[in-house]
Amino acid sequence: MRMAGVIVTIAVLVALPFFISDYRTFQFTQAIVYAIVLLGLNLLTGYNGQISLGHGAFYAVGAYTAAILMEHFGVPYWATVPAAGLVCFGFGFLFGLPALRLHGHYLALATFALAVATPQVLKVKHLEAWTGGVQGIVIIKPDPPFGLPLSQDRWLYFFTLAVAMLLFLAAWNLVRGRAGRAMVALRDHPIAAEAMGVNGAMVKSTVFGISALYTGIGGALGAIAVQFVAPDSFGTFLSISFVVGIVVGGLATLSGAIWGALFIQFVPNVADQISKAAPWAIYGAVLLVFIYVAPGGVAYLLSRVWGKLRG
Amino acid sequence: MTAPLLEVESLDAGYGPTDVLHGVSFTVGEGGITTVLGANGAGKTTLLRAVCGLIRRRGRVRFGGAAIESKATEDIVRLGLAHVPDGRGTFVQLSAEENLRVGAITRRDRKGVAADMERMYGYFPRLRERRHQQAGTLSGGEQQMLAIARALMLRPRLLVLDEPSFGLAPLIVRDIFAIMRTVNREERVGILLVEQNAKLALELADTAYLLETGRVVTGGPAAQLRDDETIRRAYLGY
Amino acid sequence: MEAFLHQILSGLATGGIYAAIALSLVMIYQATHHINFAQGEMAMFSTYLAWMMIDAGLPYWVAFAGTVALSFVLGVLIERIVIRPVEHAPVLSVVIVFIALLVILNSLAGWIFSYTIKTFPSPFTWEGSQNGYLSPHELGTIGVTLLVLAALFLFFRFTSLGLAMRAAAQNPVSSRLAGIRVGWMLALGWGLAAAIGAIAGMMIAPVVYLDPNMMAGVMLYAFAAALLGGIDNPLGAVVGGFVVGVVENLAGAYVVGTELKLTVALALIIGVLVFRPTGLFGRRYVTRV
Ligand SMILES: Nc1ncnc2c1ncn2[C@@H]1O[C@H](COP(=O)(O)OP(=O)(O)OP(=O)(O)O)[C@@H](O)[C@H]1O
Ligand SMILES: [Mg+2]
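**Student:** How do you make sense of the overall build of chain B when you look at a structure like this?
**Tutor:** Secondary structure assignment for chain B yields ten helices and ten strands. Here the C-alpha radius of gyration of chain B, 17 Å, is about what a compact globule of 238 residues would show, namely 18 Å. Judged by the C-alpha coordinates and their principal axes, chain B covers about 45 × 40 × 35 Å. Here chain B, with 238 residues, has 53% of them falling under the buried criterion. Accessible area for chain B stands at about 10,300 Å²; split by element, carbon and sulfur atoms hold 49% of it. Here chain B contributes 32 positive and 28 negative side-chain charges, whose respective centroids are spaced 3 Å apart.

Here is the structure:
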């Protein structure tokens, strides 16, 4: 039954771009990018219980890695994606080391500080030659390979979708195996887990690294899709919207990444028409509603509905 | 006999979904002393918590004629019920004197509070010496004295004590029991006492109950339990 | 040398603001062991309320008092309505509720007052004092911070209510057994925090101008200040605030330049958290299992 759901979802996702405009396709590409990020953040926060309010920073590192490699080194776009992932893995792992000593509110605070400081770091003069300073870097949209009869937007959609499917598969393998159990055990019963031989420090900083890797890959793909990176697009609110995404989708679920991504991609678009402030007002309200009423997120609600339907 | 000060009827109580107490009934007379005895884990602490509304409970509890089974702890306390909790409940970062002030925080009569503070220092001269010391740095025995003094600062009608002799030297235990007797005689403060030292407790109390796995297995005049060989052997171990 | 001295003194002035916000963080931390991520936005929103009152023609100090009082009430209401339901929830839920509060206040301010930057008056504008090291506003800010600290000290030290609040924060169960309404004490803590934040907001607004995002940077310094001083220690937080203010100014002027100042705060926060989690004057271990 689950398998059927997965196959239907993939079929819908593959067929989708042929029924919608290039612009809508671009929006869905962005949504898939967010799904990758949310997957990574959820591994860390949902499964492993390490709160991060600063994943926008890793997203930025991924985006800038891709942009700089293309702009200054002529690296083809597809090769920047794994590169961004690796660079972010390194950053995440390193950040995860001091974070080991922080719990709950303190980790939230440290990562929040990271989110707030990110745009300023990106604007630093000494790096301006590479980062383009306040102006940022413009990226050229890639053409489809082998003369495929696809628009640039559709090609990028499929490219992103393929990466996302790979990453979902990897995450699925991760969480249902030994490592996944260790992650959850460290979240729920840290002392017991350590006593049973789980190397807490290693697992937690590795999960931090993996989470950053996902986010960095998302950042690279996102940069390629919007063809542009600039410091001010990576502020506190980007990090917060990722948190909104995992809460809405459902903490410690994989499918939740999809619902969360659709939410943070499309709800602001709709709400923007009411007022510039509306998307965030809605985000805030939705966060409260989910925490008070449905802490399991959409994924949980859907599984309940599904369970009811089956009787 | 007049109406009892505290009257508990078919009380069920517990933590989370499971009940620890099952249909417990007992009374403390006006100006009387009741003791509840029982083995470790019998539910004595749970019983005192339930009376004070600190945990989920069901049943009837009347205090000074008022139904308190659905009242909040702070309101029950304000009716004049002071509780010396299991583990002393010291405010470790406040000074000893501030701990006493907290005990009297619901009172408005400044003069009376000041006088009672002096009275406590009279009961426990050690506390006067240490009044400005951080309470967390007091010895275990001193903290126990502080807890009792803090409870008395409320000028309660009923004093509820959870193992007041815990961790104290025998000499000090004697003092504390003497003080309980004094406040009971001179101020007609009712006392509900949970105690491991059954012998001392039965000497002090007028009424006693024996609790076993959450149920009252026997109860009556303290003298009766004291003299009953079989009960003494089976439950009280002396 | 003169320039150096000037940097230190004006660092003390901004430090006063960090100190005030750090103090409000400590109020809430002491009561609930939560770090209020929305503290800055609460202060920002309060400052808009003050702006509204001044704009409506009220004299500055009337608006000031009105804002402090109104912020106090709003703080209490926020605790009762928004925070109460998650009092015993896991940390993650609490953090998310704070984040929700942050974005709601931010967008509400943008919605009601628009995102255009507004000027905000300073009450300290007497003539002829411009030639000293400190501007009148800087001097006033330091004075106000010290006054707030003194008032808080007196309140907590010498009033029954202050004692009850301290007791409730330390040992809620024992406090209830003494008849203290602990829930309300927490709400009062929030009220105080909101009121102090409002004062800080009104002091910083003449400098950074009024807009919904005015507090982002300030908050980071305030966090650093609170952590540096020990997040459960009011006096420490104030000292931390002044220290951070001076360090920020000196680092900005002589070391990293203005464009990396926030990174200094980030480094301070992570450094303190990792190497000295109790802060310079903290008493307890911050990480509790
Ligand atoms: N906070 C709690 N949560 C869950 N169960 C509890 C809690 N406190 C006590 N219990 C359980 O309730 C039962 C009664 O405990 P209680 O503390 O009332 O015993 P007691 O008679 O006071 O024992 P002691 O003489 O050792 O103090 C025990 O089985 C205990 O495990
Ligand atoms: Mg006990």
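**Student:** Explanation requested: the interface of chain A and chain C in the structure shown.
**Tutor:** How big an interface is tends to be stated in terms of accessible area lost as the parts join. Taken together, the 43 residues of chain A in the interface contact 48 residues of chain C. Of the roughly 4,000 Å² buried between chain A and chain C on both sides combined, carbon and sulfur atoms contribute 81%. When residues of chain A are sorted by the area they lose upon contact with chain C, H105, Y106 and L109 of chain A head the list and together hold 19% of the total. If you look at where chain A meets chain C, you find zero salt bridges. Summed over the shared surface of chain A and chain C, the number is three residue pairs in polar contact (both at pLDDT 80 or more). Looking at the side of chain A that touches chain C, the elements that each hand over two or more residues are α4 (77-99), α5 (104-122), α11 (236-249) and α13 (278-293) of chain A. With 13 residues, α5 of chain A is the single largest residue contributor to the side of chain A that touches chain C. For the side of chain A that touches chain C, the residue count by class is 32 nonpolar, seven polar and four charged.

**Student:** Explanation requested: the nonpolar core in the structure shown.
**Tutor:** A general trend in soluble globular proteins is that nonpolar side chains are found buried together. Counting 199 residues, the largest nonpolar core has L53, F234 and F242 of chain A together with F37, L220, F223 and I269 of chain C as its most contacted members. Tallying contributions element by element places helix α8 (residues 182-208) of chain C first for this core, with 17 residues. Counting residues in hydrophobic clusters, the runner-up holds 48 residues, among them L37, A96, A149 and I176 of chain B.

**Student:** Please clarify how the arrangement of the chains should be interpreted in this entry.
**Tutor:** The structure contains two pairs of chains in contact, of which chains A and C account for the largest number of contacts. Separating chain A from chain B is a minimum C-alpha gap of 19 Å, and the two share no contact.

**Student:** For this particular structure, what's the right way to read the sheet that holds strand β1 (residues 6-15) of chain B?
**Tutor:** The pairing of strands in a sheet comes from backbone hydrogen bonds and takes either a parallel or an antiparallel form. All names here are of chain B. Strand order in the open sheet made by the four strands is β2-β1-β4-β5, with antiparallel pairing throughout. Each edge of the sheet is formed by a strand with only one pairing partner; in this case those strands are β2 (18-28) and β5 (66-67). Here β1 runs beside β2; their pairing, made up of seven bridges, is antiparallel. Paired with A13 across the bridge in β2 is L21.

**Student:** Hey, could you run me through the interface of chain C and chain B in this one?
**Tutor:** At the interface, 22 residues of chain C touch 22 residues of chain B. On the chain C side of the interface with chain B, the three residues burying the most area are L163, R176 and L177 of chain C, jointly 33% of the side's total. Summed over the shared surface of chain C and chain B, the number is three salt bridges. E98 of chain B serves as the salt-bridge partner of R166 of chain C, at 2.7 Å between the closest nitrogen and oxygen.

**Student:** In this structure, what is going on with the side chain of E195 of chain B? I would like to understand it.
**Tutor:** All names here are of chain B. Its location among the elements puts E195 in the loop between β8 (190-194) and α8 (198-204). Of the buried charged residues, E195 lacks a salt bridge, with K44 as the closest side chain of opposite charge at 9.5 Å. A polar atom in the side chain of E195 sits 2.6 Å from the side chain of S165. From its side chain, E195 meets the backbone nitrogen of N197 in a polar contact 3.0 Å long.

**Student:** Please clarify how the pattern of salt bridges should be interpreted in this entry.
**Tutor:** Proximity of charged atoms lets side chains of opposite charge pair with each other. Residues and elements named next belong to chain B. Scanning all chains against the criterion turns up 20 salt bridges over all chains. In this structure, the salt-bridge partner of E97 is R131, at a minimum N-O distance of 2.8 Å. In this pair, E97 is assigned in helix α3 (residues 96-103) and R131 in the loop between α5 (125-129) and α6 (140-152), connecting sequence segments 34 residues apart. Residues participating in the shared-partner salt-bridge network are R107, D109, D116, R119, R155 and E187.

**Student:** Got a minute to help me understand the packing of aromatic side chains in this structure?
**Tutor:** When we look at a pair of aromatic rings, we describe it by the centre distance and by the angle of the planes. Enumeration according to the criterion identifies 32 aromatic pairs over all chains in this entry. Relative to F159 of chain A, the ring of Y77 of chain A has its centre 5.3 Å away and its plane inclined at 75 degrees; by these criteria the two rings are edge-to-face. Taken together, the residues Y77 of chain A in helix α4 and F159 of chain A in helix α7 (residues 152-176) connect sequence positions 82 residues apart. With a relative accessible area of 13%, Y77 of chain A lands in the buried category. Taken together, the aromatic side chains of Y34, Y59, Y64, F234 and F242 of chain A make up a single cluster linked through ring pairs. Here the basic side chain of R80 of chain C rests over the ring of W184 of chain C, its NZ or CZ set 4.6 Å away from the ring centre. Its guanidinium or amino end placed over the ring of W51 of chain C, K118 of chain C lies 4.9 Å from that ring's centre, counting from NZ or CZ.

Here is what the cut-offs are and how they apply
- Residues numbered from 1 in each chain as written.
- Chains lettered and ligands numbered in written order.
- Predicted model: local features only at pLDDT ≥ 70, side-chain atom pairs only at ≥ 80, totals over all residues.
- Heavy atoms only, no water.
- Helix = DSSP H or I, 4+ residues; strand = E, 2+ residues; numbered from the N terminus.
- Rg over C-alpha atoms; globule rule 2.2 N^0.38 Å.
- Buried < 20%, exposed > 50% of the residue type's maximum accessible area, 1.4 Å probe, protein only.
- Areas by Shrake-Rupley, 256 points an atom, 1.4 Å probe, with all protein chains shown as cover.
- Lys, Arg positive; Asp, Glu negative; His and termini not counted.
- Charge placed at Lys NZ, Arg CZ, Asp CG, Glu CD.
- Contact = heavy atoms within 4.5 Å.
- Buried area = accessible area lost by both parts, 1.4 Å probe.
- Salt bridge = Lys/Arg side-chain N within 4 Å of Asp/Glu carboxyl O.
- Polar contact = N/O pair within 3.5 Å; in protein donor to acceptor, adjacent residues only side chain to side chain.
- Nonpolar A, V, L, I, M, F, W, Y, C, P; charged D, E, K, R; others polar.
- Core = buried A, V, L, I, M, F, W, Y, C linked by side-chain atoms within 4.5 Å.
- Pairing = 2+ DSSP bridges.
- Phe/Tyr/Trp six-rings, centres within 6.5 Å; stacked < 30°, edge-to-face > 60°.
- Lys NZ or Arg CZ within 6 Å of the ring centre and 35° of its normal.

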